[in-house]
Amino acid sequence: MRLRNIKGSDERILADKYTIQTDGREGAEFKGKWNSDFFGNEHPIHMEIGMGKGQFITTLAGQNPDINYIGIEKYSSVLIRAIDKRESLALENLLFLRMDAENITEYFDRGEVARIYLNFSDPWPKDRHAKRRLTSVPFLNRYDRILDENGIVQFKTDNRTLFDFSLEQLDEAGWQKDFVSYHLHENGPAPDNIMTEYEEKFYNLGNPICKLVAHR
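Rules of the game
- Residues numbered from 1 in each chain as written.
- Predicted model: local features only at pLDDT ≥ 70, side-chain atom pairs only at ≥ 80, totals over all residues.
- Heavy atoms only, no water.
- Phe/Tyr/Trp six-rings, centres within 6.5 Å; stacked < 30°, edge-to-face > 60°.
- Buried < 20%, exposed > 50% of the residue type's maximum accessible area, 1.4 Å probe, protein only.
- Helix = DSSP H or I, 4+ residues; strand = E, 2+ residues; numbered from the N terminus.
- Lys NZ or Arg CZ within 6 Å of the ring centre and 35° of its normal.
- Core = buried A, V, L, I, M, F, W, Y, C linked by side-chain atoms within 4.5 Å.
- Contact = heavy atoms within 4.5 Å.
- 1 Å grid on protein atoms, 1.4 Å probe; cavity = no way out; pocket = protein on both sides within 12 Å on 5 of 7 lines; lining within 4 Å.
- Points joined across faces, edges and corners; volume = space filled by probe spheres on them.
- Nonpolar A, V, L, I, M, F, W, Y, C, P; charged D, E, K, R; others polar.

> What exactly am I supposed to notice about the packing of aromatic side chains here?
Aromatic ring pairs are reported here in terms of the distance separating the ring centres and the angle at which the planes meet. Scanning the model with the defined rule gives twelve aromatic pairs in all. With a centroid separation of 5.3 Å and 75° between ring planes, the pair formed by Phe-38 and Phe-39 is classed as edge-to-face. A relative accessible area of 23% means that Phe-38 is categorised as partly exposed. Residue Phe-39 is classed as buried on the basis of its relative accessible area of 12%. Ring centres 6.1 Å apart and planes at 10° place the aromatic pair Tyr-198 and Phe-202 in the stacked group. One end of the pair is Tyr-198 and the other is Phe-202, both in helix 7 (residues 197–205) and four residues apart, which spans about a single turn. For Tyr-198, a relative accessible area of 36% gives the class partly exposed. Joined through ring pairs, the aromatic side chains of Tyr-18, Phe-30, Trp-34, Phe-38, Phe-39 and Phe-108 make up one cluster. Directly above the ring of Phe-165 sits Arg-133, whose terminal nitrogen or CZ lies 4.5 Å from the centroid. Over the ring of Phe-139 we find Arg-142, and its NZ or CZ is 4.5 Å from the ring centre.

Below is the structure:
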């Protein structure tokens, strides 16, 4: 869900050295060189697409300093909350991109990313919008182009219809499922799992959380 516009958010995003607005004029120059030219190391890159207010990715980045994290978010009004979290934690291994995920292959090279997280993505419930779902075949094909040979996609949602659609799309795209759960927290909070803001809300309501992990 898009938040209300926050006054001054666009100005703060433009001024933040760890946030890039990929409007066709910035960011593409790092394609294939995010580690060497931005992070200055050769650590693996993990990416969250549609990171919302950033609880998930900032927690991961804090726990794993030897991994470079990139969070992608389309809306400035949401992204600014993640910037606040990152600043408070002083994380050097976390970069944000304000961009539409449809353009992801314009900014990342083949084999440049090790892992992609998709958390509680927009279900786009109308059939005519199916190609916009982040687990649709067109998006899986985009991920295929930027993931390394051992790369994986991890997806969580409380929307069973979207989850079933996602499983079907994996089959259609020829991906292999490594893990599938229709009720991740059936016996209490799942171990080694970081909850997003939405996940905490749905968990407290007793809603089943679905999760899958897949590779090409």
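Don't stop here, the text continues.
> Please clarify how the nonpolar core should be interpreted in this entry.
By size, the foremost hydrophobic cluster in this structure holds 37 residues, and its most contacted members are Trp-34, Ile-49, Ile-70, Ile-72, Phe-108, Ile-116 and Tyr-143. With five residues, the top contributor of residues to this core is helix 6 (residues 160–173). When neighbours within four sequence positions are excluded, Ile-116 is seen to be in contact with Met-47, Ile-49, Tyr-143, Ile-146, Leu-147, Ile-152, Val-153 and Gln-154. One finds Phe-56, Ile-67, Tyr-69 and Tyr-117 within the second-largest nonpolar core, a separate group that totals 17 residues.

> Please explain empty space enclosed by the protein as it appears in this structure.
With a probe scaled to a water molecule rolled over the atoms, the places where space remains empty come into view. On inspection of all chains with the given rule, the structure shows one cavity of 30 Å³ or more. Approximately 30 Å³ is the volume found for the largest cavity. In terms of lining residues, the largest cavity is bounded by Thr-135, Leu-140, Val-153, Ser-166, Leu-170 and Leu-212. When grouped by side-chain class, the residues that make up the lining of the largest cavity number four nonpolar, two polar and no charged.

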